[in-house]
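Coordinates in review
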Amino acid sequence: MKRHLKTLLILAGIAALAGINWALFSGVVLGIPDAVKDAVLSNDKVQVENWENKESYSFFPVADDPVTGLILYPEGNLDVRLYAPLAQMIAEGGYQVTFLSRRFEREYDFAAEAIRMEAVIAAHSNIQNWVVGGLTWSSVLPVDFALKNTDKIDAVILLASRLDEATSMAESDLPVLYIYGTRDDENEDLLNWQFPYLPAHTVYGKIEGGNRLKYGYTGPMARDVGADISVEEQQRATADYIIAFLQSFDK
């Protein structure tokens, strides 16, 4: 009996530690990786600044005066720092990137998030073109804002996004880039599900062997099919798709 009780206590302790780890570091067992720690610091190519608070970050190319800015949301309420290496790559390509955190939020407050995006736009008058986007379910926030502010937003970037009837872009004239991995947890069903909500002119970025978790340094989730490529490879492919898409606004 005592042995079973001890085993249960050990298992409960492991479960508690795993839960705390997920809450703090999004499933990265040993905490924030060195690549992420480096990416949230300024260097000779990219200047990094906290935005709003210590949870959100902006990335600015040092060598260029960007005219196009990108506002992104992470998946759910994951730590935006896990996407910092991706943001660094995009900024090195000559574009301003702001990742807005929803770290301790659960419900989607469209009005509150619209105010946050408006604040980013208002604070950077040098930016002539604004693009918004997000990952998976969080994409509904920037899409809702874009559809209601077509005079301010020039395009939308979606990463393995889940749109619905309320945020359908099917009738929108806004340029759209939709990036997905072939090892997404529900890839075939996801694409079939999303086609009706995307405009016919959508540009698709296919990442062979990628899944929805490798856009950032996140830990595994139970439902997900393992990726065939590394997080570095997927982030590089994602950045390349995004930079090529944004270059159309430089003309």
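To start, this report covers the structure provided alongside it. (Residues numbered from 1 in each chain as written. Predicted model: local features only at pLDDT ≥ 70, side-chain atom pairs only at ≥ 80, totals over all residues. Heavy atoms only, no water.)

1. Structural notes on helix α4 (residues 110-123)
With 14 residues, α4 ought to run about 20 Å at 1.5 Å a step, and its terminal C-alpha atoms sit 20 Å apart, in line with that. Listed in full, the buried residues belonging to α4 are Glu113, Arg116, Met117, Val120 and Ile121. Here the buried residues of α4 occupy an arc of 140° about the axis, which is enough to place them on one side. Seen from the buried face of α4, the exposed residues on the opposite side, beyond 90 degrees, are Ala111, Ile115 and Ala122. Contacts from the buried residues of α4 go to β1 (46-51), β2 (56-61), β3 (68-73), β4 (96-99), β5 (129-135) and α5 (140-148). (Helix = DSSP H or I, 4+ residues; strand = E, 2+ residues; numbered from the N terminus. Expected span 1.5 Å × (residues − 1). Buried < 20%, exposed > 50% of the residue type's maximum accessible area, 1.4 Å probe, protein only. Arc of directions from axis to C-beta. Contact = heavy atoms within 4.5 Å.)

2. Describing the pairing of β3
Residues in a regular strand project their side chains so that they alternate between the two faces of the sheet. For β3, the buried fraction is high: six of the six residues fall into the buried class. Taking every second residue as pointing to the same face, both faces of β3 are buried, with Thr68, Leu70 and Leu72 on one and Gly69, Ile71 and Tyr73 on the other. Pairing of β3 with β5, which is carried by six bridges, proceeds in the parallel orientation. Looking at the pairing, Thr68 lines up with Asn129 of β5. When β3 meets β4, the two strands line up parallel, connected through four bridges. Pairing of Ile71 across the sheet is with Thr98, part of β4. (Pairing = 2+ DSSP bridges.)

3. What about the pattern of salt bridges?
Pairs can form between side chains of opposite charge whenever their charged atoms are close. Applying the stated rule across the entire model yields seven salt bridges. Its salt-bridge partner being Arg81, residue Asp79 comes within 2.6 Å of it at the nearest N-O pair. The shortest N-O distance in the salt bridge between Asp240 and Arg236 comes to 3.0 Å. Here the residue Asp240 and the residue Arg236 both occupy positions in helix α7 (residues 231-246), the gap between them amounting to four residues, near one helical turn. According to the relative accessible area criterion, Arg236 is partly exposed, its value standing at 33%. (Salt bridge = Lys/Arg side-chain N within 4 Å of Asp/Glu carboxyl O.)

4. Description of the environment of Val231
Position of Val231 relative to the elements: it lies in helix α7. Assessed through its relative accessible area of 10%, Val231 is described here as buried. Note: C-alpha distance between Val231 and Asn211 (20 residues apart in sequence) is 9.4 Å. If we ignore the near neighbours within four places in the chain, the residues touching Val231 are Lys214, Gly216 and Tyr217.

5. Side note on unusual backbone geometry
Leaving glycine out, the prevailing phi sign among residues is negative, and the prevailing peptide bond configuration is trans. Unlike most non-glycine residues, Thr136 shows phi in positive territory, near 45°. Following the sequence through the fold, Thr136 ends up in the loop between β5 and α5. A positive phi is found at Ala160, a non-glycine position, where the angle reads about 50°. Looking at the secondary structure, you find Ala160 in the loop between β6 (155-159) and β7 (176-181). You can call Ala160 buried: its relative accessible area is 1%.

6. So, the packing of helix α3 (residues 84-92) against α7
Any two packed helices are characterised by the angle at which their axes cross and by the distance between the axes. Relative orientation of the contacting elements α3 and α7 amounts to 35°, with a least axis distance of 9 Å. Classified by chirality, the crossing of α7 by α3 is right-handed. Facing α3, whose interface residues are Pro85, Leu86, Met89 and Ile90, α7 presents Glu232, Gln235, Arg236, Thr238, Ala239, Ile242, Ile243 and Leu246. Class assignment for the residues of the contact of α3 with α7 results in eight nonpolar, two polar and two charged. (Axes fitted to C-alpha atoms, helices over the stretch in contact; angles between N-to-C directions. Left-handed = near helix turned anticlockwise from the far one by under 90°. Nonpolar A, V, L, I, M, F, W, Y, C, P; charged D, E, K, R; others polar.)

7. Details of the nonpolar core
Counting residues in each nonpolar core, the largest one holds 42 residues, and the members touching the most others are Phe59, Ile90, Phe99, Ile157, Tyr215, Ile242 and Leu246. Contacts of Phe99, omitting those with residues within four sequence positions, involve Ser56, Tyr57, Leu72, Tyr73, Pro74, Val80, Tyr83, Ala87 and Leu135. (Core = buried A, V, L, I, M, F, W, Y, C linked by side-chain atoms within 4.5 Å.)

8. Quick notes on a nonpolar patch on the surface
Residues Tyr108, Phe110 and Trp137 make up a contiguous nonpolar surface patch of about 290 Å² in total accessible area. Summarising the element assignment, Tyr108 is placed in the loop between β4 and α4. A residue is classified by how much of its surface remains accessible, and Tyr108, at 31% relative accessible area, is partly exposed. (Patch = residues over 30% accessible without salt bridge, like charges linked within 9 Å, V, L, I, M, F, W, Y side chains within 5 Å. Areas by Shrake-Rupley, 256 points an atom, 1.4 Å probe, with all protein chains shown as cover.)

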